[in-house]
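# Summary of the model geometry
For reference, the chains in residue letters:
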Amino acid sequence: MPLLGLYAMNGGEGPNSYAQNSSYQRGVVDAAKPIIEEEIATKLDVGHVFSTHVKPFRIADFGCSTGHNSFPAMQIITESVQKKFRSETSQIPDFQVLFNDQVFNDFNTLFRSIPPQKNYHAAAVAGSFHERLLPKASLDFAYCSCALNWISEVPKAVRDDTSPAWNKGRVHYTGAVQEVFEAYSNRYANDIGSFLEARAEELVSGGLMTLLVPAAPCFEHSETFYTTQSELELIGSCLVDMAKKGLIGEEKVDTFNFPLYFTIPQELKAIIERSNSFSIERMEILNNPGKCTLRSADARATYLRATCEGLLKNHFGSEVMDELFDRYTKKIAASPLFLDPDNEKSIIILVILKRKAE
Ligand SMILES: C[S@@+](CC[C@H](N)C(=O)[O-])C[C@H]1O[C@@H](n2cnc3c(N)ncnc32)[C@H](O)[C@@H]1O
C-alpha cells in the first residue's frame, strides 16, 4: 500500500515518544549551530525585506515533528537573522515560523510545548514537503533537519510481486538485489527534485535554505561498522523470525518496506546540481556526535521505536509492537557490532543553498 503520509513519529511526551527519544537529532542542531550562524551573517540578503515596506521575515521548518528540536533551531535562526538586520539597518521585522509536517503529525503536542518566550509568530502547515505548500515567493528561510531520508512512498516495483525489484522477505534495500536499491535510489532522486522545485517556488530570490540530511558514508555494506540501514535490516530480521513463529503473516513481511533512503554526499550533490534554482553555498559532513549518546540496547531500540513504530503499527498491528521491539533489543544486546554505538557510522550532510534570482 502506498504511504501518503499515513504515519508520524510517536507523539506526546511518554516513554516511547519522539520528544523523549530524539537526543541524536537534537545533537544535530547543536552541531549545525555555528555554521548556520556564520552563513546567515555572511550570506543572508536582508535588503528585499525592506525594499517596499517592512514585511514579516518567514521561516519554515519542513518535517518538524513535535517541535522539541525545531524550537532551538528556530531560536538560532531568528536570533542570527535579527543580528544581521541590526548590523545593516535600524528596523527589525516581525518573524513568522511555519511548522510543517505530515497531516498525522502530533501538532497539538508541538503547540503545547512551544517556548513561551519565543520571538516569532507560529503557525502550522500540514502536508507533504514533496509538494508545494506555501504561496510563491513568500518564504525567506527554509530549514529541514533529519527528514529528507523519508521518501514519498515505497517504490511501486518493490511492492509488485511480478517485478524483478520485488523485495520478498526483506523490509529495506540493504542486502537486497540491485533492482531494489535502484528503485529506491530513483524514487529518492525524484523526491529531492520535487522538494527543491517546491522550495524554489516558495523562497524569495536570495532566500537561504539549510538542509541537514541523514546519509551514509558509502553504499557498500561493511562488517566493521553499521548505519541506520543496518538497523532497519536488523528489525527486518526480527519480523522474519516472528513470521516463522506464526506471530505475524509471512505475506505481511513481504508487503512491508521502509520508505527510507540514505544518500551519500556525491549522490546528493549531483541531485542538487541538476536543479538549476539554487547555488550551493556550503556542503559538508557535519561534525556531530553520532548516536554514541545512546549507549544501551534499550535506548537504541526506543530511539528506533519513536520514529518507526507508527509505520510498523499501521501494517502489522499495535498488538505485536512490544514483542517486536523486545526481540530487537535482544538482538542488539547480543551483537558485539550493534552493541557498541561507536561502530555507528551514519552521517549528516549539511547543505546551505541560496535561491538564485529568476
Ligand atoms: C526524524 S523526524 C525529524 C524531526 C525534526 N526535524 C527533528 O530534527 O527532530 C522526521 C520528520 O519528517 C517528517 N516527514 C517525513 N516525510 C515528510 C513529508 N513528505 N512531508 C512533511 N514531513 C515529513 C516526519 O513525519 C517526521 O516528523
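What counts as what
- Residues numbered from 1 in each chain as written.
- Predicted model: local features only at pLDDT ≥ 70, side-chain atom pairs only at ≥ 80, totals over all residues.
- Heavy atoms only, no water.
- UniProt positions renumbered as here; feature names shortened; annotations may be inferred.
- Near = heavy atom within 4 Å.
- Polar contact = N/O pair within 3.5 Å; in protein donor to acceptor, adjacent residues only side chain to side chain.
- Nonpolar A, V, L, I, M, F, W, Y, C, P; charged D, E, K, R; others polar.
- Buried < 20%, exposed > 50% of the residue type's maximum accessible area, 1.4 Å probe, protein only.
- Helix = DSSP H or I, 4+ residues; strand = E, 2+ residues; numbered from the N terminus.
- Pairing = 2+ DSSP bridges.
- Axes fitted to C-alpha atoms, helices over the stretch in contact; angles between N-to-C directions.
- Contact = heavy atoms within 4.5 Å.
- Phe/Tyr/Trp six-rings, centres within 6.5 Å; stacked < 30°, edge-to-face > 60°.
- Expected span 1.5 Å × (residues − 1).
- Bend = angle between axes of the 7 residues up to and from the residue.
- Patch = residues over 30% accessible without salt bridge, like charges linked within 9 Å, V, L, I, M, F, W, Y side chains within 5 Å.
- Areas by Shrake-Rupley, 256 points an atom, 1.4 Å probe, with all protein chains shown as cover.
- Salt bridge = Lys/Arg side-chain N within 4 Å of Asp/Glu carboxyl O.
- Parallel < 35°, antiparallel > 145°, perpendicular 65-115°, else oblique.
- Left-handed = near helix turned anticlockwise from the far one by under 90°.

Its UniProt record gives the protein chain the following Sequence similarities (unreviewed entry) comment, quoted word for word: "Belongs to the methyltransferase superfamily. Type-7 methyltransferase family."

## Focus on the site of the ligand
If you check the shell around the ligand, you find 19 residues, and the closest are Tyr18, Gly63, Asn69, Asp101 and Ser145. Separating a nitrogen atom of the ligand from a side-chain N or O atom of His130 is a distance of 3.4 Å. Among the residues making up the shell around the ligand, the classes are represented as 8 nonpolar, 10 polar and 1 charged.

## Some points on the pairing of strand β7 (residues 347-355)
The buried count for β7 comes to 9 of 9 residues, which makes it a mostly enclosed element. Of the two faces of β7, the one holding Ile347, Ile349, Val351, Leu353 and Arg355 and the one holding Ile348, Leu350, Ile352 and Lys354 are both buried throughout. Here strand β5 (residues 203-215) runs beside β7; their pairing, made up of 8 bridges, is antiparallel. Directly across from Leu211, in β7, lies its bridge partner Val351. The pairing of strand β6 (residues 278-285) with β7 spans 7 bridges and is antiparallel.

## Concerning the sheet that holds strand β4 (residues 139-145)
Overall, mixed pairing links the 7 strands, which are arranged β3-β2-β1-β4-β5-β7-β6 in an open sheet. In this open sheet, the two strands that pair with only one neighbour each are β3 (121-126) and β6. With strand direction ignored, the average angle separating the axes of adjacent strands in the sheet is 15°. Inspection of the sheet shows β4 paired to β5 by 6 bridges, in the parallel sense. Along β5, the bridge assignment pairs Cys144 with Leu211. Strands β1 (57-62), β4, β5, β6 and β7 of the sheet are contacted by helix α5 (residues 178-202), whose axis makes an angle of about 150° with β5.

## Digging into the packing of aromatic side chains
Throughout the structure, instances matching the rule amount to 20 aromatic pairs. Where Phe71 meets Phe99, the ring centres are 5.8 Å apart and the plane angle is 85°; that geometry is what we call edge-to-face. Here Phe99 lies in strand β2 (residues 95-101) and Phe71 lies in helix α2 (residues 70-88), a separation of 28 residues in the sequence. Exposure class is identical for Phe71 and Phe99. Each is buried. For the ring pair Tyr173 and Tyr261, a centre distance of 5.4 Å and an interplane angle of 50° mean the geometry is tilted. Here Tyr261 lies in the loop between α7 (250-254) and α8 (265-274) and Tyr173 lies in the loop between α4 (156-159) and α5, a separation of 88 residues in the sequence. On the accessibility criterion, Tyr173 (4% relative accessible area) is buried. On the basis of relative accessibility, which here comes to 0%, the residue Tyr261 falls in the buried class.

## As for helix α9 (residues 297-316)
Here α9 contains 20 residues, and its C-alpha end-to-end distance of 23 Å is more than 12% below the 28 Å for a straight helix at 1.5 Å per residue. Where α9 bends most, the angle comes to about 60°, and this point is Cys308. Among the 20 residues that make up α9, 16 are buried, leaving the element largely enclosed by the rest of the structure. Where α9 terminates, the next one or two residues include Gly317, which has phi positive at roughly 95°.

## Digging into a nonpolar patch on the surface
On the surface, Leu6, Val103 and Phe104 cluster together into a nonpolar patch covering about 280 Å² of accessible area. Tracing the backbone shows Val103 in the loop between β2 and α3 (107-113).

## Some points on the packing of helix α6 (residues 228-244) against α9
Relative placement of two packed helices is described by the angle separating their axes and the distance separating the axes. Two elements in contact, α6 and α9, have axes whose closest approach is 12 Å; the angle formed by their N-to-C orientations is 55°. As judged from the angle between their axes, α6 and α9 are oblique. The way α6 lies across α9 gives a crossing that is right-handed. Of the residues in α9, those in contact with Glu231, Leu232, Ile235 and Leu239 of α6 are Arg300, Leu304, Leu312 and Phe316. When its residues are assigned to classes, the contact of α6 with α9 shows 6 nonpolar, no polar and 2 charged.

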